[in-house]
Each structure stands twice: as C-alpha cells, then as structure tokens.
Amino acid sequence: VQDQKETPIQTRVRKVNPGAEAAVSVKSAAYHEAGHMVTAAAQGLPLKEKGMFIYENSNGLGEGWAYYKKRPKGSQSPDFCGKCTIFATNEKLIPQRLEACSDVSATDGLSADDPCRFCSLLAALAGQIAQQQFYTTEHPMEIFPHDGSVDDRTEFHASLDELYCEKGERQLQLLAQDKLSEWAQKLVQKYWRAIDELAKELLKAPWRPSSLESTGSGSPPRLEKRMTGQEVRECLRKSEIFIEVES
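Rules used in this analysis
Residues numbered from 1 in each chain as written. Predicted model: local features only at pLDDT ≥ 70, side-chain atom pairs only at ≥ 80, totals over all residues. Heavy atoms only, no water. Core = buried A, V, L, I, M, F, W, Y, C linked by side-chain atoms within 4.5 Å. Buried < 20%, exposed > 50% of the residue type's maximum accessible area, 1.4 Å probe, protein only. Helix = DSSP H or I, 4+ residues; strand = E, 2+ residues; numbered from the N terminus. Contact = heavy atoms within 4.5 Å. Pairing = 2+ DSSP bridges. Phe/Tyr/Trp six-rings, centres within 6.5 Å; stacked < 30°, edge-to-face > 60°. Salt bridge = Lys/Arg side-chain N within 4 Å of Asp/Glu carboxyl O.

Visitor: What is the right way to read the nonpolar core from this model?
Guide: In globular proteins that are soluble, nonpolar side chains generally tend to be buried together. Within the largest apolar cluster, 53 residues are counted, with the highest numbers of intra-cluster contacts made by Leu47, Leu198 and Leu236. Within the residue set of this core, elements represented by two or more residues are helix 1 (20-42), strand 2 (47-56), strand 3 (62-68), helix 2 (114-138), helix 3 (150-163), helix 4 (170-190), helix 5 (192-204) and helix 6 (229-237). It is helix 2 that provides the largest number of residues to this core, a total of twelve residues. Ignoring any residue separated from it by four or fewer positions in sequence, one finds Leu47 in contact with Met37, Ala41, Tyr67, Tyr68, Gly229, Val232, Arg233, Leu236, Ile243, Glu244, Val245 and Glu246. Of all hydrophobic cores here, the second largest spans five residues; its members include Phe53, Tyr55, Trp65 and Leu212.

If you want it as structure tokens, here you go:
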C-alpha cells in the first residue's frame, strides 16, 4: 500500500479461459496502464520514477500499476497545480460545483487544487477505456473484463463523493460523473496512438524477477515487465508529449 502522495493505479483483468486468454489478459493490462500514463502526462501530471509495470498473478490474472503524481482524495496541497497544463490545452474541465466553464480559460469557482483533481479523475478513468479499446480492436471476440477496474472506480467515486458532499448535490455529482466519462473517452481517442505505442514498448520489455512483495490478490508474482518513469518519458516524446519525471 502506497501513501497518498504516491498512490498507484492497480488493474485486475479477469481471465475468461485458460491458455491463450491469459496472454490476452496480461497484454490488455499493458494498454490499461498505458491509458493511465499517457492521459496523465498529456494533461501535465508529472510521472513518477517508478514508472509502470504489469505481471500475471497467481490466479492467472493480468495486473498492473501506474505511477504518476496526482491530486489524491483528501489532499489540500496546491503544489500539484503548477504542473497541470489542462487550461493550456484544448480539453475542457468542469470546475467544482459545475459552475460555468464554457472555455478552457474559465476558472471561476475552482479552488487551487481542483484542476489537478479533475486531471487525476480523467486519468483514472482512462485506463479501463484504453483497455476496452484494445479488446475492441485486437480481440473483438473476447469477453471484455468489465470488473477489471475496481480500484480505479473506487478512487474515482471517493474523490467525487468528497467534492459533492453537501446535501442536495447528488444530481450535480451524477452530471459530473457523466461529463468526466465523456471527456476521458475523448482523451483516449485523441491520444490513442501514443497509448498504443507505450503499451507495445512495455510488452517488449523482458520478463524479470518481480519486486513486489504482495499484490492483494494472492501470492507475489515471480516475474514482471517494467518501464521506468524515464523510459516512459522517452517513449512519450516520440508522440510529442513532454512531461517531467519526479522521484
């Protein structure tokens, strides 16, 4: 378990059948983690040096972790904001309480840390969207594991619950959820080539002894495929996504 400042995104991908399906499961995990990393970087959220990795757990499930600096639930630190370039891009952002935000320069109603909170929420959603895109394009006859992003959804809803915690804000929260899902879909489509290239680079990495002591889903994996934050950054540069890497 990581602390709040470095909480990774974990992916669990359900294996439908033994044999070849296990390889598809692990491969789809690479696309899931690439979805998180690319959309985070594209919005200006710095990557962590731990980078990203995937493995097959003892139950034959593809799992993965992605490390990037995000605005976690409960954080009131504004230092994330200086790194976030959401308003310098063409992506729209909904502010707290869904106050008017007709263009990317409209920031009324945003507290200092809200931009990166929403960037973090979009990146959290992007993993499963990218994974689903992988299944749609590469394995259309396979069953997409809709239960493969429990941790992502838990984090997403916990953060929204924190934002829309006042009485009578349930409808606003549902609207925010729909809008964020819509924008996350657009982000994945916009950066799909970069996601595809990063996932393929991760899959090219050799299997090496795993550094994990536990996974929360059985015994520790023996092997993993990993890219460091610097390696991810260099891969993203080819797609003209330039981002910092922090320790």
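Alright, that's what it looks like, and here's the rest.
Visitor: Sorry if this is basic, but what is going on with the pairing of strand 5 (residues 223-227) here?
Guide: Regular strands have side chains that alternate between both faces of the sheet. With four of five residues buried, strand 5 is to be regarded as a mostly interior element. Pairing of strand 2 with strand 5, which is carried by three bridges, proceeds in the antiparallel orientation. Across the sheet, Phe53 pairs through a bridge with Arg226, a residue of strand 5. With two bridges connecting them, strand 4 (residues 208-209) and strand 5 associate as antiparallel partners. Counted as the bridge partner of Pro209 is Leu223 from strand 5.

Visitor: Please clarify how the packing of aromatic side chains should be interpreted in this entry.
Guide: Describing an aromatic ring pair means giving the distance of the ring centres and the angle of the ring planes. Applying the stated criterion across every chain, the model contains five aromatic pairs. Aromatic pair Tyr31 and Trp192: ring centres 5.8 Å apart, planes at 25 degrees, arrangement stacked. One end of the pair, Tyr31, is in helix 1; the other, Trp192, is in helix 5, and 161 residues separate them in sequence. Accessibility expressed as a relative area gives 17% for Trp192, which makes it buried. Site record: aromatic cluster; members linked through ring pairs are Tyr31, Phe134, Tyr135 and Trp192.

Visitor: Looking at this structure, I do not really get the pattern of salt bridges. What am I missing?
Guide: Pairing between side chains of opposite charge can happen when their charged atoms approach one another. What the rule picks out here adds up to seven salt bridges. Note that Lys69 and Glu246 form a salt bridge whose closest N and O atoms lie 3.5 Å from each other. Taken together, the positions of Lys69 in the loop between strand 3 and helix 2 and Glu246 in strand 6 (residues 245-246) put the pair 177 residues apart, joining distant regions of the chain. Residue classification places Lys69 among the buried positions, given a relative accessible area of 13%. Arg237 is the partner of Glu234 in a salt bridge, and the nearest nitrogen-oxygen pair spans 3.9 Å. Placement of both Glu234 and Arg237 in helix 6 is noted, with a separation of three residues, approximately one turn of the helix. By relative accessible area, Arg237 is classed as partly exposed at 43%. Residues joined in a network through salt bridges with shared partners are Arg233, Glu234 and Arg237.

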